[in-house]
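Below, each chain spelled out in residue letters.
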Amino acid sequence: QVQLVESGGGLVQAGDSLRLSCAASGRAFSSYAMGWFRQAPGNEREFVAAISWSGGRTDYADSVKGRFTISRDNAKNTVHLQMSSLKPEDTAVYYCAAGSAMRRQKYTYDYWGQGTQVTVSS
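The sections below set out a description of the structure shown in this document. Small disclaimer: the values here were computed from a predicted structure and weren't measured. (Residues numbered from 1 in each chain as written. Predicted model: local features only at pLDDT ≥ 70, side-chain atom pairs only at ≥ 80, totals over all residues. Heavy atoms only, no water.)

### A closer look at the state of the cysteines
Okay, so step 1: Inspection of the entire model under this criterion finds 1 disulfide.
Okay, so step 2: A sulfur-sulfur distance of 2.3 Å marks the disulfide that ties C22 to C96. Between C22 and C96, the S-S dihedral sits near -85 degrees, and the bridge is therefore left-handed. Of this pair, C22 sits in strand β3 (residues 18-24) while C96 sits in strand β9 (residues 92-99), placing them 74 residues apart in sequence. (Disulfide = S-S within 2.5 Å. Helix = DSSP H or I, 4+ residues; strand = E, 2+ residues; numbered from the N terminus.)

This is how it looks when you write it as structure tokens:
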């Protein structure tokens with residue numbers, strides 16, 4: 001099992017960059033696939049990016065491909081989401097998640113953080 005805490009959210013302007021971080025507890029962090037999801041008011045939580053336990057494979061939603069980069073450092077028990085060329089449509093609460101496999105479906109993830117707010121103004 002693992003506990004997750006997100007940080008790095010904030011208010012930025014369109015075109016800016018922002019880096020989100022997720023700090024994990026537990027010795028088993030390196031055995032989990034990790035994902036980032038986001039949820040805007042009135043919408044369902046949607047997939048953003050995922051990374052395999054080793055960091056060798058990544059997956060991105062079409063809406064963020066080429067702009068966002070997911071990475072992990074198993075030695076430091078952290079996962080990051082580097083966001084560039086931010087758009088107002090990226091505004092949402094961003095959640096870090098841990099699961100047994102790298103998937104896009106949110107129900108495949110067992111552990112979730114509390115979320116961090118990202119607001120992009122025009």
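### Some thoughts on the side chain of T108
Okay, so step 1: Note on placement: T108 falls in the loop between β9 and β10 (109-112).
Okay, so step 2: In this structure the side chain of T108 is engaged in a polar contact, spanning 2.7 Å, whose partner is the backbone oxygen of Q105.
Okay, so step 3: Not counting the four nearest positions on each side in its chain, T108 is found in contact with G99, S100 and R103. (Polar contact = N/O pair within 3.5 Å; in protein donor to acceptor, adjacent residues only side chain to side chain. Contact = heavy atoms within 4.5 Å.)

### Digging into the pattern of salt bridges
Okay, so step 1: Using the criterion set out here, one finds 5 salt bridges in the structure.
Okay, so step 2: A salt bridge links R104 to D59, with the shortest nitrogen-to-oxygen separation between them at 2.7 Å. With a gap of 45 residues between them, R104 in the loop between β9 and β10 and D59 in strand β6 (residues 58-60) connect regions that are remote in the sequence.
Okay, so step 3: A residue is classified by how much of its surface remains accessible, and R104, at 41% relative accessible area, is partly exposed.
Okay, so step 4: The class of D59 is partly exposed, set by a relative accessible area of 22%.
Okay, so step 5: Residue D90 pairs with R67 through a salt bridge whose shortest N-O separation is 2.8 Å. Taken together, the positions of D90 in the loop between β8 (78-83) and β9 and R67 in the loop between β6 and β7 (68-73) put the pair 23 residues apart, joining distant regions of the chain. Across this residue pair, the class does not change: D90 and R67 are buried.
Okay, so step 6: Here the residues in one salt-bridge network are R38, E46, R67 and D90, joined through shared partners. (Salt bridge = Lys/Arg side-chain N within 4 Å of Asp/Glu carboxyl O. Buried < 20%, exposed > 50% of the residue type's maximum accessible area, 1.4 Å probe, protein only.)

### Some thoughts on the sheet that holds β3
Okay, so step 1: Strand order in the open sheet formed by 4 strands is β1-β3-β8-β7, with antiparallel pairing between adjacent strands. Looking at strand neighbours, the two that pair on one side only are β1 (4-7) and β7, the edges of this open sheet. Sheet twist, expressed as the average angle between the axes of neighbouring strands with direction ignored, equals 15 degrees.
Okay, so step 2: Two strands pair when backbone bridges link them, and β3 and β8 are joined in this way by 6 bridges, in the antiparallel orientation. Opposite C22, over in β8, you have V79 as the bridge partner. (Pairing = 2+ DSSP bridges. Axes fitted to C-alpha atoms, helices over the stretch in contact; angles between N-to-C directions.)

### Structural notes on the packing of aromatic side chains
How two aromatic rings sit relative to each other is given by the distance of their centres and the angle of their planes.
Okay, so step 1: The tally for this structure, following the rule as stated, stands at 5 aromatic pairs.
Okay, so step 2: Plain terms: the ring middles of Y32 and Y111 are 5.9 Å apart, the flat faces sit at 85 degrees to each other, and that makes the pair edge-to-face. Of this pair, Y32 sits in the loop between β3 and β4 (33-39) while Y111 sits in strand β10, and the two are 79 residues apart along the sequence.
Okay, so step 3: Y32 gets classed as buried once you look at its relative accessible area, which sits at 12%.
Okay, so step 4: The partly exposed category is assigned to Y111, whose relative accessible area is 25%.
Okay, so step 5: Seen in terms of ring centroids, Y109 and W112 are 6.2 Å apart; in terms of plane orientation they differ by 65 degrees. Their pairing is edge-to-face. (Phe/Tyr/Trp six-rings, centres within 6.5 Å; stacked < 30°, edge-to-face > 60°.)

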